[in-house]
Amino acid sequence: MLCSKCRRPAIIYQRYSGLHLCRNHFVADFQAKAKRAIRTHSWLLPGDSIAVALSGGKDSAALLCFLHGLVSERPDLRLFAVTIDEGISGYRDTAVPVKIAEKIGVKHHIFSFREEFGTTVDEIVGLRGDSLSCSYCGVLRRRLLNTAARKLGATRLALGLNLDDEAQSVLMNTLRGDVERLMRGDKHREGLVQRIKPFMYIPEREVALYAYLHVEGFATGRCPYAHNALRADVRSLLNDFAWRHPSTRHSLVRLGEELASLDIVRGSEPGVCPECGEICGEICRSCQMLSEVCRNED
Ligand code: SF4
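What you are looking at is a predicted structure, and each value in this text was computed from that prediction instead of being measured. (Residues numbered from 1 in each chain as written. Predicted model: local features only at pLDDT ≥ 70, side-chain atom pairs only at ≥ 80, totals over all residues. Heavy atoms only, no water.)

*Asks:* Explanation requested: the overall build of the protein chain in the structure shown.
*Replies:* Each helix and strand in the protein chain was counted, giving 12 helices and nine strands. Expected size for 298 residues packed as a compact globule is a radius of gyration near 19 Å; at 19 Å, the protein chain falls within 12% of this value. Along the three orthogonal principal directions, the C-alpha set of the protein chain runs to about 65 × 40 × 40 Å. Put simply, of all contacts in the protein chain between residues at least 6 apart along the chain, 75% involve residues at least 24 apart. A total of about 15,200 Å² of accessible surface is found on the protein chain, and carbon and sulfur atoms cover 52% of it. (Helix = DSSP H or I, 4+ residues; strand = E, 2+ residues; numbered from the N terminus. Rg over C-alpha atoms; globule rule 2.2 N^0.38 Å. Contact = heavy atoms within 4.5 Å. Areas by Shrake-Rupley, 256 points an atom, 1.4 Å probe, with all protein chains shown as cover.)

*Asks:* Help me understand helix α7 (residues 163-176), please; the structure alone is not making it clear to me.
*Replies:* Since the α-helix advances by 3.6 residues per turn, residues separated by three or four positions end up pointing in the same direction. With 14 residues, α7 extends 20 Å between its outermost C-alpha atoms, agreeing within 8% with the 20 Å of an ideal straight helix rising 1.5 Å per residue. Within α7, 10 of the 14 residues are buried, which leaves the element mostly enclosed by the surrounding structure. Along α7, the residues classified as buried are L163, D164, D165, E166, A167, Q168, V170, L171, M172 and N173. Against the buried residues of α7 lie α8 (179-184), α9 (204-214), α10 (230-244) and α11 (248-261). Capping of α7 at its N-terminal end is provided by N162; its side-chain oxygen lies 3.0 Å from the backbone amide nitrogen of D164. (Expected span 1.5 Å × (residues − 1). Buried < 20%, exposed > 50% of the residue type's maximum accessible area, 1.4 Å probe, protein only. Polar contact = N/O pair within 3.5 Å; in protein donor to acceptor, adjacent residues only side chain to side chain.)

*Asks:* Teacher, can you tell me more about the side chain of R249 here?
*Replies:* Relative to the helices and strands, R249 resides in helix α11. Residue R249 is classed as buried on the basis of its relative accessible area of 16%. Within the local environment of R249, its side chain forms a polar contact with the side chain of N239, the two groups lying 2.9 Å apart.

*Asks:* Before we go on, may I ask you to explain the site of the ligand in this structure?
*Replies:* Every residue near the ligand is listed here: I88, C134, C137, R141, C223, Y225 and A226. Here the shell around the ligand is built from residues that sort into six nonpolar, no polar and one charged. (Near = heavy atom within 4 Å. Nonpolar A, V, L, I, M, F, W, Y, C, P; charged D, E, K, R; others polar.)

*Asks:* I would appreciate a short explanation of the pairing of strand β4 (residues 78-85) in the present structure.
*Replies:* Among the eight residues of β4, six are classified as buried, and the element is accordingly described as predominantly covered. The pairing of strand β3 (residues 49-53) with β4 spans five bridges and is classified as parallel. Bridge pairing in β4 links S49 to R78. In this fold, the crossover linking β3 to β4 by way of helix α2 (residues 58-73) has right-handed handedness. Across six bridges, β4 lies against strand β5 (residues 107-112) in parallel orientation. Its bridge partner being in β5, I84 is matched across the sheet by F111. For the crossover that starts at β4, traverses helix α3 (residues 95-104) and ends in the parallel β5, the hand is right-handed. (Pairing = 2+ DSSP bridges. Right-handed = clockwise from strand over helix to strand, strands pointing away.)

*Asks:* Sorry, what's going on with the packing of α2 against α3 here?
*Replies:* Two quantities define a packed helix pair, namely the angle between the helix axes and the distance between the axes. Look at α2 against α3: their axes get within 11 Å of each other, and the N-to-C directions meet at 15°. What the angle tells us is that α2 and α3 run roughly parallel. Of the two possible hands of crossing, α2 and α3 adopt the one that is right-handed. From α2, A61, L64, C65 and H68 reach across to α3, where they touch I100, A101 and I104. Within the contact of α2 with α3, the residues separate by chemical class into six nonpolar, one polar and no charged. (Axes fitted to C-alpha atoms, helices over the stretch in contact; angles between N-to-C directions. Parallel < 35°, antiparallel > 145°, perpendicular 65-115°, else oblique. Left-handed = near helix turned anticlockwise from the far one by under 90°.)

*Asks:* Can you walk me through the packing of aromatic side chains in this structure?
*Replies:* How two aromatic rings sit relative to each other is set out by the distance from centre to centre and by the angle between their planes. This structure, assessed with the given rule, holds five aromatic pairs. Pairing F30 with F199 gives two aromatic rings, centres 5.0 Å apart and planes at 65°, and the pair type is edge-to-face. With F30 in helix α1 (residues 23-40) and F199 in the loop between β7 (194-196) and α9, the pair connects residues that are 169 residues apart, well separated along the chain. Overall, F30 belongs to the buried group, its relative accessible area being 0%. (Phe/Tyr/Trp six-rings, centres within 6.5 Å; stacked < 30°, edge-to-face > 60°.)

*Asks:* Before we go on, may I ask you to explain unusual backbone geometry in this structure?
*Replies:* Residues apart from glycine generally show negative phi values, whereas peptide bonds are mostly found in trans. In this structure, R7 is a non-glycine residue whose phi angle is positive, near 70°. Backbone geometry places S42, a non-glycine residue, at a positive phi of 50°. Structurally, S42 can be placed in the loop between α1 and β3. S42 gets classed as partly exposed once you look at its relative accessible area, which sits at 45%.

Here it is in C-alpha cells:
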C-alpha cells in the first residue's frame, strides 16, 4: 500500500480516516494531533513544569519522547519523569523507565508504595485476595503520583492515556452508572496537580507505533492482576464493536467531554483528608483502603 499523501510505502492504515500513511506522514499526523489536544485544552502555559508519569510501557515512553521534542522547542517549559513502583513482582521493573529517561535525557524520580504506604500491591493481594487488586492499585497510585508531582514542583502531570483508554473509561462509568464521574470528566480540582493527556485523541495502536519508531526498550509485559480489571472486559467489548464501527471510540470520548462540559456538579464538593492532607471526596479513598489493609495485618 502507498501513502495517501505522497505515494511512498505506507506503514499504517487508519480505518477511521481512510488514510494510508508513510512513516513521515504518520509521525507528522501523530504530533499534530497531540499538539492540537494541548492547544485546545490550553494544557501548557509559559513557565509550566511538567511531570510525566513514566511506567516504562509504550504509552508513557512515547509521551516522554514526544514532550521532550516539544520542550526542546519551548525553553519556557521544564520536563521531568516520575515512576511509581507499586511493588508487583515480575512486572514492575524500575530499571526500564530509568533507562528510557536516561536515553531521552530527562531527569527521573522514583516513588514507591513501600516507602510511601509501607506496603505493596503484592502484599495487599496477599492479605485481601486479588479480586480488588486494581481498585487498590489505581487509587493509591493516583494519590502517590499527585503527591510526587506536587513535591517536585510540577504544575502539570502528563499521562500517556490514549483514545482507547479514554473511550473505555467513558463506557466503564456508563456501565457502572457512575453519573458523578461522567459529569466530572477531567475538570481541574483544587489540590490536584492539573492532569494533561496529549494522546487522548490518538488510538492505542498508533501510540504503540510511535513508541516503536522512537523509543528502544520499553516494557511489553502484562500485569499479573490485569485480568481482574473491569477494563479488560470493556476493552475486548469495545475492540470488537469498534472493528465494525471504527468511529466508536471517538464518539465515546466526545460524549464524555460533552457531559463534562455541562458543568453540573454531582455529589459532594472535594475536601481535604485530615489523615494525609490530600484532596478527597466525602471519604479519602486511599486512607480508607490503607486502614483496611492495616486492619487485616493486625
Ligand atoms: Fe495496578 Fe491493576 Fe494496572 Fe496491575 S492491572 S498495574 S494491579 S491497576
